[in-house]
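Chain by chain, the residues run as shown.
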Amino acid sequence: MDRWPHEELVTMYGGPMDGEQMAYDPGDLPADPREWGGYYMVPPEMAPEAPVGVELRAAYEPDPDGDVTRWLFRGWVPW
């Protein structure tokens, strides 16, 4: 993945984005890396648990064991 030298590369584990990598500018994230994470819209076919007509976002958080570049799937949140 192409990224700028100052960017942090994170990898998603589990859920619909398993294996995806994203680059973030640390200035766009909270100062405490334990607070990093994100919510990502995915196509309905990637969220089969969603009731018809309900849009869900995939929630990812940093690995609690301390590797802030490893984001783990934590479940679904409504949009």
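Refer to the structure printed above.
The following refers to the structure shown.

Conventions we followed
- Residues numbered from 1 in each chain as written.
- Predicted model: local features only at pLDDT ≥ 70, side-chain atom pairs only at ≥ 80, totals over all residues.
- Heavy atoms only, no water.
- Helix = DSSP H or I, 4+ residues; strand = E, 2+ residues; numbered from the N terminus.
- Buried < 20%, exposed > 50% of the residue type's maximum accessible area, 1.4 Å probe, protein only.
- Contact = heavy atoms within 4.5 Å.
- Areas by Shrake-Rupley, 256 points an atom, 1.4 Å probe, with all protein chains shown as cover.
- Lys, Arg positive; Asp, Glu negative; His and termini not counted.
- Charge placed at Lys NZ, Arg CZ, Asp CG, Glu CD.
- Phe/Tyr/Trp six-rings, centres within 6.5 Å; stacked < 30°, edge-to-face > 60°.
- Salt bridge = Lys/Arg side-chain N within 4 Å of Asp/Glu carboxyl O.

A closer look at the overall build of the protein chain
So, step 1. Counting its secondary structure elements, the protein chain contains zero helices and five strands.
So, step 2. Start at the N end of the protein chain and walk to the C end: the helices and strands fall as β-β-β-β-β.
So, step 3. Along the three orthogonal principal directions, the C-alpha set of the protein chain runs to about 40 × 25 × 20 Å.
So, step 4. Counting across all 79 residues of the protein chain, residues that qualify as buried make up 29%.
So, step 5. Considering only residue pairs separated by 6 or more positions, the protein chain has 38% of its internal contacts joining residues 24 or more positions apart.
So, step 6. Total accessible area on the protein chain is roughly 5300 Å²; 51% of this is exposed by carbon and sulfur atoms.
So, step 7. Taking the average location of the 5 positive side-chain charges in the protein chain and that of its 16 negative ones, the two points are 5 Å from each other.

Some thoughts on the packing of aromatic side chains
So, step 1. For the structure shown, the criterion picks out four aromatic pairs.
So, step 2. With a centroid separation of 5.5 Å and an interplanar angle of 55°, the aromatic rings of Tyr 60 and Phe 73 are classed as tilted. Residue Tyr 60 is found in strand 4 (residues 56–62), and its partner Phe 73 is found in strand 5 (residues 70–78); the two are separated by 13 residues along the sequence.
So, step 3. Its relative accessible area of 2% is what places Tyr 60 among the buried residues.
So, step 4. Taking 5.5 Å as the distance between ring centres and 75° as the angle between the ring planes, the aromatic pair formed by Phe 73 and Trp 76 counts as edge-to-face.

Focus: the pattern of salt bridges
So, step 1. Considering all chains together, one arrives at two salt bridges under this definition.
So, step 2. Between Glu 61 and Arg 74 there is a salt bridge, with its nearest N and O atoms 3.7 Å apart. Taken together, the residues span a long stretch of sequence, with Glu 61 in strand 4 and Arg 74 in strand 5 at a distance of 13 residues.
So, step 3. Taking the relative accessible area as the measure of exposure, Glu 61 reaches 40% and is therefore partly exposed.
So, step 4. Salt-bridge contacts for Arg 70 lead to Asp 63; the nearest nitrogen and oxygen are separated by 3.1 Å.
So, step 5. Taking the relative accessible area as the measure of exposure, Arg 70 reaches 31% and is therefore partly exposed.

In short, geometric facts, not functional conclusions.
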